[in-house]
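Now for the letters of each chain:
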Amino acid sequence: MTRAALAVDLGGTDLRAAVVEATGRVAAFASTPTDAKGGPEAVIAQMVALLERVRAETPDADIIGLGVGAPGPLDPEAGIVVDAPTLVGWRNVPLAAILSKRLGCAVRLENDANAAALGEWRFGAGQGTQSMVFVTVSTGIGGGVIVDGHLLHGRRGLAGEIGHMTISERPVRCACGGVGCWEAFASGTALAREASQLAASGGASEIGRLAGPDPITGRHVAEAARQGDGPALNLLDEEARWLGIGLANLLHLYSPERVILGGGVGSLLPMMQERIRHTIGERAMAAFRDVPVVQAALGRNAGLVGAASLMLPEAS
Ligand SMILES: [Zn+2]
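What counts and how
Residues numbered from 1 in each chain as written. Predicted model: local features only at pLDDT ≥ 70, side-chain atom pairs only at ≥ 80, totals over all residues. Heavy atoms only, no water. Helix = DSSP H or I, 4+ residues; strand = E, 2+ residues; numbered from the N terminus. Rg over C-alpha atoms; globule rule 2.2 N^0.38 Å. Buried < 20%, exposed > 50% of the residue type's maximum accessible area, 1.4 Å probe, protein only. Contact = heavy atoms within 4.5 Å. Areas by Shrake-Rupley, 256 points an atom, 1.4 Å probe, with all protein chains shown as cover. Lys, Arg positive; Asp, Glu negative; His and termini not counted. Charge placed at Lys NZ, Arg CZ, Asp CG, Glu CD. Donors = N, O, S within 2.8 Å, 3.2 Å for Na, K, Ca; no water. Tetrahedral: all angles 85-135°; square planar, octahedral: opposite > 155°, others 65-115°. Bend = angle between axes of the 7 residues up to and from the residue. Core = buried A, V, L, I, M, F, W, Y, C linked by side-chain atoms within 4.5 Å. Polar contact = N/O pair within 3.5 Å; in protein donor to acceptor, adjacent residues only side chain to side chain. Expected span 1.5 Å × (residues − 1). Axes fitted to C-alpha atoms, helices over the stretch in contact; angles between N-to-C directions. Parallel < 35°, antiparallel > 145°, perpendicular 65-115°, else oblique. Nonpolar A, V, L, I, M, F, W, Y, C, P; charged D, E, K, R; others polar. Pairing = 2+ DSSP bridges.

Description of the overall build of the protein chain
- When helices and strands are tallied, the protein chain shows eleven helices and 13 strands.
- What you see for the protein chain is a C-alpha radius of gyration of 20 Å, in line with the 20 Å of a compact globule of 316 residues.
- Seen through its principal axes, the protein chain has C-alpha atoms that stretch 60 × 45 × 35 Å.
- Taking all 316 residues of the protein chain together, 51% fall into the buried category.
- Considering only contacts in the protein chain between residues 6 or more positions apart, those separated by 24 or more positions represent 64%.
- Accessible area for the protein chain stands at about 14,100 Å²; split by element, carbon and sulfur atoms hold 51% of it.
- Charge-centre separation for the protein chain: the mean point of 26 positive side chains lies 2 Å from the mean point of 32 negative side chains.

Let's talk about the coordination of the zinc ion
- Donor atoms from the polypeptide that coordinate the zinc ion comprise H164 (ND1), C174 (SG), C176 (SG) and C181 (SG), at 2.0 to 2.4 Å from the metal.
- Every donor counted, the four donor atoms about the zinc ion form angles of 105 to 123° at the centre, which fits tetrahedral coordination.
- One chain supplies every donor to the zinc ion, and in sequence these donors are spaced H-x9-C-x1-C-x4-C. Taken individually, C174 and C181 each receive the classification buried, so the pair is uniform in this respect.

Section: helix α10 (residues 269-283)
- If you look at α10, its biggest bend is around 30°, right at R275.
- Considered for burial, the residues of α10 that qualify are L269, M272, I276, T279 and I280.
- On its buried face, α10 is in contact with α8 (230-254), β12 (258-262), α9 (263-266) and β13 (293-295).

Topic: the nonpolar core
- Core analysis: the biggest nonpolar cluster contains 48 residues, and V135, W182, L247 and I276 have the highest contact counts within it.
- Beyond its immediate sequence surroundings of up to four residues, I276 is in contact with A240, L243, G244, L247, L261, L269 and V293.
- One finds L15, A70, A96 and L109 within the second-largest nonpolar core, a separate group that totals 33 residues.

As for the environment of D83
- Relative to the assigned elements, D83 resides in strand β6 (residues 80-83).
- Sequence-wise, D83 and P71 are twelve residues apart; in three dimensions their C-alpha atoms are separated by 8.1 Å.
- The residues contacting D83, other than those within four sequence positions of it, are G72, P73, W90 and R91.
- Of the polar contacts made by the side chain of D83, one reaches the side chain of R91; its length is 3.0 Å.

Considering helix α5 (residues 188-200)
- Here α5 spans 18 Å end to end across 13 residues, near enough to the 18 Å set by a 1.5 Å rise per residue.
- Within α5, burial applies to G188, A190, L191, A192 and A195.
- Check the buried side of α5 and you find it contacts β9 (132-137), α4 (182-186), α7 (218-226), α8 and α9.
- Positioned one or two residues after α5, G202 has a phi angle of 85°, which is positive.

Looking at the packing of helix α3 (residues 112-123) against helix α11 (residues 302-309)
- Axis separation between α3 and α11 bottoms out at 6 Å; the angle between their running directions is 80°. Taken together, the axes of α3 and α11 are roughly perpendicular relative to one another. Residues A115, A116, L118, G119, E120, R122 and F123 of α3 form the contact with α11, whose own contacting residues are A302, G303, V305, G306, A307 and S309.
- Here the residues of the contact of α3 with α11 sort into seven nonpolar, four polar and two charged.

Considerations on unusual backbone geometry
- Residue P73 is reached from G72 by a cis peptide bond, and omega for that bond is 0°.
- Locating P73 in the fold gives a position in the loop between β4 (61-70) and β5 (74-75).
- You will see that N92, though not glycine, has its phi angle at about 50°, which is positive.
- With respect to the element layout, N92 can be found in strand β7 (residues 91-93).

Re the sheet that holds β6
- Spatial strand order, β5-β6-β7: three strands in an open sheet with antiparallel pairing. Because the sheet does not close on itself, it has two edges, and the strands there are β5 and β7.
- Of the pairings in the sheet, the one linking β5 to β6 comprises two bridges and is antiparallel in character. Its bridge partner lying in β6, D75 is registered against I80.

The analysis is restricted to geometry; functional conclusions fall outside its scope.
Next comes the structure, spelled out in structure tokens:
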């Protein structure tokens, strides 16, 4: 029998489940579009069905429990989803208790970004560190902070909302309702916004050509930049500068041994590394400037593997 944990990654778009072995290996995987409008009961039924599927594929696994990554804010101690903005009707849902009763095993709940940070720390690019910061840059910016060998939770588990630190006085509205957040300047959404504005003024013809009739996204910018397109390279340079400013703040706050960059925009790190390093060099105190910024290793599996790791015993 192989020791393993079940894992669920509850997203607004996709619901994903897995059996994850104690080594971090994903032994079975299943996913389905989340019934985001169906309310908690419908989604919980989807979870149970997916878990039964992955469980059936791994008859030899000795399951020690279930870890769930879900959108915040949530209470990891009580196992309650407090308010998931992308899911209809998810207010104060005692998800851990409900699933524990249905499945007959121990269940732990964690914020999805924190779960991904745990995954990278235990089994990915953060292995071997005692302190690290995980930053995921895609539609928004999220993250998780490991300090002195522990995931930082803070009051009500809300620590590490790094995307919403104020980074500029420019009145750019953030999805959270705030103004000037890091996410409003450095997320994939922000990159797409800048590219669209440039294209509208006639300054990004190659990016516009790649997008065709579709809205411009960060992916189009990346594609054009890979071909050496000047405007795209400038946009990525500015993206990297905003990222570097936020990362310098995180270095000063948490003194990590390593910063792990994930998400769609994070995967463009090789094209941005030079400007990020330059910006950190300009803005961080000397003692922090040599901290490596590296790419995440687990990709989309980070959240699942991290959720499972809530149940898996620490490696000796
Ligand atoms: Zn914000």
